[in-house]
Amino acid sequence: MSVYKDKKTNTWKVYYRYTDWQGKVHQTTKRGFQTKREALAWEREQLNKVETDLDMSFESFIDIYTADMKNRIKENTWHTKEHIMRTKILPYFGQRKISDIQPKDIIAWQNEMIKATDKQGKPYSPVYLKTLHNQLSAIFNHAVRFYGLKSNPAQKVGNMGKAKGREMLFWTQDEYAKFSFAVMDKPISFYAFEMLYWCGLREGELLALTPADLDFEKDTVRINKSYQRIGKRDIITDPKTPKSNRTIKMPQFLAEEMQEYLNQLYGIGKNDRIFEITKSYLHHEMDRGSQEAGVKRIRIHDLRHSHISLLIDMGYSAVAIADRVGHESIDITYNYAHLFPSTQDDMADKLNNFRKEAM
């Protein structure tokens, strides 16, 4: 690299070369530095990045982390990670040398995050705080595993917040019936909520559905994709997990309703989205419908919880329910254990009888 003064603009510039992954040498120029010191500092930082010297700034390592990870995960997942790094992590650690960051610095950052508030002036939720720390720790782990950082200071400190989210809310079948009647005036809303409640779909799964996913001979709906809206673009991705790829048997009345609805959508192609609405539209309709029906307001995702609780109440096993909703059975058992009928009394009685027979 070389630093020169541009006499025309009275600023400094840096010529530098780098070798790409194919071994090709490239040369480029960075202009506009007001002082030679700024140009030399930038030059030194680029050399650190090329040589992966952890004397570099945390911000520079984020560039390496981004190049390594961005193409390996879903676009919507990366969008979330990038937002956290840009707004919650870089403002605090950006200019620090990554090798100099100590556990005490992590504690100080955690305290700032715990004191921080969102746009509505509310403190961050425990689940969000845990997410923030997990992302910071993931960056340090990457530096440890692949670039020679001695240890992860975030791991030494331990997490903040907690994993468990807000309490699950449910609608009974009666509450849902009142709600669905209230939104029946808008067909797209009515049929969307019917699919969410009676099939236990996730929002993204619902919004990605096409006519090709519905088989009215077998009364099934195929789930093999998810819809996201990112940066004013419609993005279709793979489902949340491999287990999410599934085929759901619809109750006959729902299959008839969906066939009726598709017949109303003149000109729709087999690969066109059935519900060309957004998540914000569904949330608005949830507000409207619950208010008009006089039922408690629950989250859209709570319709999925409502479906699962209904199946538990009907006596289905965790394994059967997990197959239907695209979960692992252990997750159903753990998250909904309080809803399954207790077998403690039956266990105690059988143990008692076993002891008597043995005597």
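This structure is a prediction, so every number in the text was calculated from the model and none was measured. (Residues numbered from 1 in each chain as written. Predicted model: local features only at pLDDT ≥ 70, side-chain atom pairs only at ≥ 80, totals over all residues. Heavy atoms only, no water.)

J.: Explain the packing of aromatic side chains to me, please; I cannot follow it from the model alone.
T.: The full count for this structure, using the stated rule, is 17 aromatic pairs. Ring geometry for Phe61 and Tyr147: centres 5.6 Å apart, planes at 85°, overall edge-to-face. In this pair, Phe61 sits in helix 2 (residues 58–69) while Tyr147 sits in helix 5 (residues 126–147), placing the two residues 86 residues apart along the sequence. By relative accessible area, which is 0% here, Phe61 ends up buried. Given the relative accessible area of 22%, Tyr147 is considered partly exposed. Seen in terms of ring centroids, Tyr176 and Phe179 are 6.3 Å apart; in terms of plane orientation they differ by 40°. Their pairing is tilted. Placement of the pair is Tyr176 and Phe179 together in helix 7 (residues 173–182), with a separation of 3 residues, close to one helical turn. In terms of burial, Tyr176 and Phe179 fall into one category: buried. (Phe/Tyr/Trp six-rings, centres within 6.5 Å; stacked < 30°, edge-to-face > 60°. Helix = DSSP H or I, 4+ residues; strand = E, 2+ residues; numbered from the N terminus. Buried < 20%, exposed > 50% of the residue type's maximum accessible area, 1.4 Å probe, protein only.)

J.: Mind showing me how you'd approach helix 12 (residues 301–313) here?
T.: One turn of the α-helix equals 3.6 residues, which is why residues spaced by three or four share an orientation. For helix 12, spanning 13 residues, the distance from its first C-alpha to its last is 19 Å, which sits close to the expected 18 Å at 1.5 Å a residue. Taken across its 13 residues, helix 12 has 11 buried, putting it largely inside the fold. Considered for burial, the residues of helix 12 that qualify are Asp302, Leu303, Arg304, His305, Ser306, His307, Ile308, Ser309, Leu310, Leu311 and Ile312. Just downstream of helix 12 lies Gly315, where phi reads positive at about 100°. (Expected span 1.5 Å × (residues − 1).)

J.: Got a minute to help me understand the nonpolar core in this structure?
T.: Generally speaking, a soluble globular protein has its nonpolar side chains buried in company with each other. By size, the foremost hydrophobic cluster in this structure holds 41 residues, and its most contacted members are Phe193, Met195, Leu206 and Phe275. The set of elements that each furnish at least two residues to this core consists of helix 7, helix 8 (187–199), helix 9 (203–207), strand 5 (220–223), helix 10 (252–264), helix 11 (279–293) and helix 12. Considering every element that reaches this core, the biggest residue donor is helix 8, with 9 residues. Once residues within four sequence positions are removed from consideration, Met195 is found in contact with Gly200, Leu201, Leu206, Leu209, Val221, Met250, Leu254, Met258 and Phe275. (Core = buried A, V, L, I, M, F, W, Y, C linked by side-chain atoms within 4.5 Å. Contact = heavy atoms within 4.5 Å.)

J.: Help me understand unusual backbone geometry, please; the structure alone is not making it clear to me.
T.: A negative phi angle is the norm for most residues apart from glycine, just as the trans form is the norm for most peptide bonds. Phi is positive for Asn10, which is not a glycine, with a value near 60°. By the secondary structure assignment, Asn10 is in the loop between strand 1 (2–6) and strand 2 (11–19). The backbone phi angle of Asp219 is positive, close to 60°, even though this residue is not glycine. Here Asp219 lies in the loop between strand 4 (214–215) and strand 5. The exposure class of Asp219 is buried, given its relative accessible area of 17%.

J.: For this particular structure, what's the right way to read the pattern of salt bridges?
T.: Oppositely charged side chains can pair when the atoms bearing their charge come close. Counted according to the given criterion, the structure contains 19 salt bridges. Note that Arg246 and Glu205 form a salt bridge whose closest N and O atoms lie 2.9 Å from each other. Linking Arg246 in strand 8 (residues 246–249) with Glu205 in helix 9, this pair joins segments that are 41 residues apart in sequence. Arg246 gets classed as buried once you look at its relative accessible area, which sits at 7%. The exposure class assigned to Glu205 is buried, which follows from its relative accessible area of 2%. Put simply, Arg297 and Asp287 hold a salt bridge, and the shortest N to O gap is 2.6 Å. You can see Arg297 sitting in the loop between helix 11 and helix 12 and its partner Asp287 sitting in helix 11, a full 10 residues away along the chain. Judged by relative accessible area, which is 39%, Asp287 ranks as partly exposed. What emerges from the salt-bridge pattern is a single network uniting Asp185, Lys186, Glu285, Arg288 and Glu292. (Salt bridge = Lys/Arg side-chain N within 4 Å of Asp/Glu carboxyl O.)

J.: Got a minute to help me understand the sheet that holds strand 5 in this structure?
T.: One key point about sheets: their strands pair by backbone hydrogen bonds, in either a parallel or an antiparallel sense. Spatially, 4-5-8 is the arrangement adopted by the 3 strands of the open sheet, whose pairing is antiparallel. The strands lining the two open edges of the sheet, one partner per strand, are strand 4 and strand 8. Bridge count between strand 5 and strand 8: 4 bridges; the pairing is antiparallel. Bridge pairing in strand 8 places Val221 opposite Ile248. (Pairing = 2+ DSSP bridges.)

J.: Can you walk me through the packing of helix 3 (residues 75–93) against helix 4 (residues 103–115) in this structure?
T.: For any two helices packed against each other, the geometry comes down to the angle between their axes and how far apart the axes lie. At a closest axis distance of 11 Å, the pairing of helix 3 and helix 4 adopts a crossing angle of 135°. Judged by the angle between their axes, helix 3 and helix 4 are oblique. Seen along the crossing, helix 3 lies across helix 4 with a hand that is right-handed. In contact with Lys88, Ile89, Tyr92 and Phe93 of helix 3, helix 4 contributes Asp105, Ile106, Ala108, Trp109, Glu112 and Met113. Residue classes in the contact of helix 3 with helix 4 are distributed as 7 nonpolar, no polar and 3 charged. (Axes fitted to C-alpha atoms, helices over the stretch in contact; angles between N-to-C directions. Parallel < 35°, antiparallel > 145°, perpendicular 65-115°, else oblique. Left-handed = near helix turned anticlockwise from the far one by under 90°. Nonpolar A, V, L, I, M, F, W, Y, C, P; charged D, E, K, R; others polar.)

J.: Looking at this structure, I do not really get the environment of Leu136. What am I missing?
T.: Here Leu136 is to be found in helix 5. In sequence terms Leu136 and Gln155 are 19 residues apart; their C-alpha atoms lie 9.5 Å from each other. Apart from residues no more than four positions distant in its own chain, Leu136 is found in contact with Phe58, Ile89, Phe93, Ile106 and Trp109.

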